[in-house]
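Residues per chain, in single letters:
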Amino acid sequence: MMAKKILLLVLLVMTAVNINITAAGSIEPTALKCEYRVNPLGIDANPPRLSWILESSDRGQKQTAYRVLVASNEEKLKAEQGDLWDSKKISSDQSVHVVYAGQPLRSRMRCHWKTRVWDKDGKVSAWSQPALWSMGLLKHADWKAKWICFDTSAFNEDPELHLPPSPYLRKEFKVNRKIRRATVYVSALGLFELFINGWRVGRDHFAPGWTNYRKRVYYLTYDVTDLLKDGDNAIGAILANGWYAGYVGFDPMHKKRARGRAFYGQTPALLAQLEIECEDGKSQIVATDENWKASTGPIRKTDILMGETYDARLEMPGWDRPGFDDQVWKVVTLMDAARCKIEAYPGVTVQVTQEIRPIEITKPKEGVYVFNMGQNFAGRVRLKVKGKAGTKVVLRFAEMLHKDGSIMTENLRRARCTDAYIFRGNGEDEIWEPRFTYHGFQYVELTGYPGKPDLGAITGIVLHSAAPVAGSFECSNAMVNKLYSNITWTQRANFFDIPTDCPQRDERLGWTGDAQIYIRSATYNMDVAAFFKKWLVNLEDDQRPSGAFPDFAPLPYLQYEPSPGWMDAGVICPFTIYQVYGDTHVIERHYEAMTKFMDFLLRTGKDYLRSPRGHCWGDWLSIGGRTSNDLIATAYFAYDAKLMAEMAAAIGRMEDAQRYARLFDNIKTAFNKAYVSANGRIKGDTQTCYALALYMDLLPQALKEKAGARLVELIRERNWHLSTGFLGVKYLLPALTEEGYVDVAFRLLTNKTYPSWGYSIENGATTIWERWNSYKKGKGFQDSYMNSFNHYAFGSVCEWMFVFMAGIDTDGAGFKRITIRPQPGGSGITYTKASYDSIYGRIATYWRVRDGKFLLDLTIPANTTATVYIPARDADSITEGGKPASKAEAVQFLRIEDGKAVFAVGSGRYRFISSLPTARQVDETK
Ligand code: BGC
């Protein structure tokens, strides 16, 4: 009897415990990241920052405290021993950018970590899944490896260009102990692919990325424990000139300099250090040194812009495995590259993210086959062939076709973009894909193919910086959905280690104007924090001695005086990363450079106005109406000052914040005096000047309305079309919307006639064109000298689509507070559905207009709050979850503002339904 009672008691206690556990599960820390990355290896951010996302289905859920444990091994972490750091319970709602504050971090340390949090009611969550980061080689002295190279210039087979074969490098070694862990740290001046015992190491391409190699070069870290074996092993690498020694950009001076290449060095080099830890505590290092051997191999030519040629007859089977006879291989040369810093790669590496099957083959001429991939993209193709040894097939790439069906390569300019494969010819299928080149293309021309190829002969390989996808967007307008697809494809094609202007012609440079205009849009599509973290270092490394940021970064050769609207990327891009990710570290990292830039602007201006001499791109590629360079320069000067004031305040530099705020006021006053008349007319009277002035807050309150009206007039004068170029386009729709002309903004967005986004889509675009008139019916292609079909600047309208159509925006920095303000404005758009994975988790909206009713389904992530604007006739008619909104859980009515009921909500899912005010009723007939 007694035993039964005890059992019952135990069961009851267990149930109670269980209940408690279930309750504790109301909030769950997930998606642990260190410096924006999942389980990064070999970092050198010290101390690193840790972030997590809180999952919860509760409303109004938030974190009130957290505890982070960091342990030197998994067992300790499991046993809750934070021997590196036990933060203990910290009362805080901070769940992003938590700075590690434990034991000093040293080279090679592995840091296993987890976190648990306390929710709004003080209930503790379960521990998160464990995560990891490891430290890289933090001191120069950690590097035992030496830079090695093998100059293959003498083997250049190209009659016109300098395209020497790729060097192959190798070394064999023995491991006589049981291996516990093997880690390789690897870098190159140029590009590398690394192999161990026949296996390719990692999934990264175009590593270690593009830097100002005179100042710094990056290395990558890989865990290669599984690739090694007891006994004989081999390590090898293939190198390519890449950005370091290959052809880069278009360098108009190249004729004088007779090269257009080798801006940083002549010969690519490798630095690799394989560290093997054995079970018995001993360790072994295999590093690049004078004992490595080198040879040329089947890659006969390779260059990012020019293409790659591979002769399969020259393959050296087993060169990257032990036991290969390398007697005839040469000894490598040591290279002194000690002057540049070697740092851990902080960005997002280029990877293969998708394969594409061609949709059609045409034959414009005998022996010439053209594959249509159905999509313009950046990458290359994998070829499948079979035939006689020595047969050579040639692949050329293009974005467009001529009328006769032949490929249009004129717009590639000096980029040869030609790959060639020479058959091994052993009677089997041969599969080949180049390694060190990429192209921007939709069409592939194949010549020399024995017989008639089928669609399986080539496969498209999509390459780009593999930043996690962060957004989704859909609405009731098919053209706008296609536009969104085109924008994301253009971003993918151009986020290629750095933000490039285009992926096809002899340019592919990190043009700063394009980047600053597009960056905010980019954040809605991908998590680009780490990507820009890397590029901002590129930008700072090439800041001019004057303090001006360059026109493009990296800057392999000096070209133009930096232009307004371009150089301002040095302030706008760090600001955007701060704004979107709440990252104050990025401000601190670049603060000095930004200050130097502001001093430059002030120094080279007069009476708070700027009249830049030298090169100005103006409102690049605008059509009709020229906005004055002085006005643009002064507007950006003011905007920079405004952003600087905000950034200075964010890092606690209050005096600077006030100084920059005053500077902004002074520039604004000067701007108005110089360019704005009493009736609100702005000098130049272009769409861009009004859009800039309104967006950048350069007008006195009293003139805003007039400026807005004039902007609409100018649009109407063009029969409701835009005329903005790179700089105006981003601000146009937001300025219209803020001034109450959301209907005009929608009209521009959904236009299909020239010039418009829709016009390119009507003409078959699958990416964003460089120019509104890249192609015109009846006229054909624009001047091929500058005509890319894959340029993201005009895609900067994406920001408006998320902020105003989907209504998702940050309120302050970092989406801790969120604004939800959808604009069911017109052009017959009856619904919009979008999501954005903010640093706190997913924000999602779906709105629909039907029968005078507005419905909003909303998801707000835990640990954030949102202000929600519901278009409504009156607040009383609004329901949430079927109940009057005023009675809904975690929903607080704030006010009525401009025909919208404003609510404060916490995290959770909500469904609001309102009756639309008649004046704002969507006209679905247009
Ligand atoms: C690039 C642009 C860039 C511009 C400067 C062009 O050649 O492709 O995107 O911003 O030069 O005006």
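Values in this document were obtained by computation on a predicted structure and should not be read as measured data.

K.L.:
Break down the pairing of strand β25 (residues 360-365) for me, citing the residues and quoting the values.
P.N.:
Both β25 and strand β26 (residues 368-385) contribute to a ladder of four bridges, which runs antiparallel. Following the sheet pairing, E360 is matched in β26 by N372. Connecting the antiparallel pair β25 and β26 is a turn made up of two residues, with G367 showing a positive phi of about 80°.

K.L.:
Can you break down empty space enclosed by the protein residue by residue, with the values?
P.N.:
In the structure shown here, the tally under the stated rule is six cavities of 30 Å³ or more. Roughly 90 Å³ of volume is contained in the largest cavity. Here the residues of the lining of the largest cavity sort into seven nonpolar, eight polar and one charged. Taken as a whole, the second largest cavity spans an internal volume of roughly 70 Å³. For the lining of the second largest cavity, the residue count by class is five nonpolar, two polar and one charged.

K.L.:
So, unusual backbone geometry: which residues are in play, and what are the values?
P.N.:
Residue P47 is reached from N46 by a cis peptide bond, and omega for that bond is 5°. For P47, the position within the fold is in the loop between β1 (28-34) and β2 (49-55). For the bond running from Y754 to P755, omega is -10°, close enough to zero to count as cis. As for its placement among the helices and strands, P755 is situated in the loop between α15 (742-750) and α16 (757-762). With a phi close to 45°, N39 is a non-glycine residue in the positive phi region. Its location among the elements puts N39 in the loop between β1 and β2.

K.L.:
Outline the layout of surface pockets, listing residues and values.
P.N.:
Of the pockets and cavities examined, the largest pocket occupies roughly 880 Å³. Contributing to the lining of the largest pocket are 30 residues, with Q579, Y639, Y695, E738 and D809 lying nearest its centre. Looking at the lining of the largest pocket, the element that brings in the most residues is helix α8 (residues 569-581), giving five residues. In the lining of the largest pocket, the residues fall into 13 nonpolar, six polar and 11 charged.

K.L.:
Break down the sheet that holds strand β47 (residues 891-897) for me, with residues and values.
P.N.:
On the basis of which strands lie adjacent, the open sheet formed by five strands has the order β39-β40-β44-β48-β47 and mixed pairing. This sheet does not close on itself; its edge strands, each paired only once, are β39 (808-810) and β47. Here the strands of the sheet are splayed against their neighbours by 25° on average, with no regard to which way each runs. Sheet analysis places β39 next to strand β40 (residues 817-820), joined by three bridges and oriented antiparallel. Pairing of I808 across the sheet is with I820, part of β40.

Rules used throughout
Residues numbered from 1 in each chain as written. Predicted model: local features only at pLDDT ≥ 70, side-chain atom pairs only at ≥ 80, totals over all residues. Heavy atoms only, no water. Pairing = 2+ DSSP bridges. Helix = DSSP H or I, 4+ residues; strand = E, 2+ residues; numbered from the N terminus. 1 Å grid on protein atoms, 1.4 Å probe; cavity = no way out; pocket = protein on both sides within 12 Å on 5 of 7 lines; lining within 4 Å. Points joined across faces, edges and corners; volume = space filled by probe spheres on them. Nonpolar A, V, L, I, M, F, W, Y, C, P; charged D, E, K, R; others polar. Axes fitted to C-alpha atoms, helices over the stretch in contact; angles between N-to-C directions.

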